[in-house]
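Inside the fold
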Amino acid sequence: MASSSGNDDDLTIPRAAINKMIKETLPNVRVANDARELVVNCCTEFIHLISSEANEICNKSEKKTISPEHVIQALESLGFGSYISEVKEVLQECKTVALKRRKASSRLENLGIPEEELLRQQQELFAKVSTAVLSICLQIQCAGMQTHPFSFTPAFYPPSFPR
């Protein structure tokens, strides 16, 4: 199985992920390197097979995005129907984890501060920074003009600075 670029690593599962799965599944079993490579290749082929079938099912249903239902139908049509109940359980677990992540990452909701108040605070901070920057710019400009009105060399350089 070669990719268009000629590099097989572009289209395989990371070996570290496979090694971790093997260790978790078979903690007391030694697995030869060529057997690990075979597992990587089998996993990659399986993913390609399921993906291609799910893509065909997706196209037949005139959809543009492969959904979990397309993958489940692909498993069934390819003769892997015995795995569907486990796949559905894993899908539900993934949805639950994703929902928990979204809830945990929504900082605005967790703050308990209305969005209008946050916007007002942000605008206030922008105004303060703007005023401070303008003040600094004016001080620099005035310092340069008072000492050297016709020179572009700012007056705030130390005396030892080469001019």
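Residues numbered from 1 in each chain as written. Predicted model: local features only at pLDDT ≥ 70, side-chain atom pairs only at ≥ 80, totals over all residues. Heavy atoms only, no water.

You'll find the protein entered in an unreviewed UniProt entry as Protein Dr1, with Strix occidentalis caurina given as the organism. Checking UniProt for the protein, the heading Subcellular location (unreviewed entry) contains the comment "Nucleus". (UniProt positions renumbered as here; feature names shortened; annotations may be inferred.)

Further remarks concern the pattern of salt bridges. Tallying each qualifying case throughout the model produces four salt bridges. Linking glutamate 117 and arginine 120 is a salt bridge whose minimum nitrogen-to-oxygen distance equals 2.7 Å. Here glutamate 117 and its partner arginine 120 are both found in helix α6 (residues 115–147), three residues apart, which amounts to about one turn of the helix. For arginine 120, a relative accessible area of 39% puts it in the partly exposed group. Put simply, glutamate 124 and lysine 128 hold a salt bridge, and the shortest N to O gap is 3.8 Å. Highlighted residues: glutamate 124 and lysine 128, both in helix α6, separated by four residues, approximately one helical turn. Glutamate 124 sits in the partly exposed class, given a relative accessible area of 39%. Note on lysine 128: relative accessible area 52%, which makes it exposed. (Salt bridge = Lys/Arg side-chain N within 4 Å of Asp/Glu carboxyl O. Helix = DSSP H or I, 4+ residues; strand = E, 2+ residues; numbered from the N terminus. Buried < 20%, exposed > 50% of the residue type's maximum accessible area, 1.4 Å probe, protein only.)

Turning our eyes to something else, we now look at the side chain of histidine 70. As for its placement among the helices and strands, histidine 70 is situated in helix α3 (residues 68–77). Looking at histidine 70, the relative accessible area reads 7%, which means it is buried. Reaching out from histidine 70, the side chain makes a polar contact with the side chain of serine 61 at a distance of 3.3 Å. The contacts of histidine 70, once residues within four sequence positions are left out, are Ala54, Ile57, Cys58, Ser61, Lys63 and Thr65. (Polar contact = N/O pair within 3.5 Å; in protein donor to acceptor, adjacent residues only side chain to side chain. Contact = heavy atoms within 4.5 Å.)

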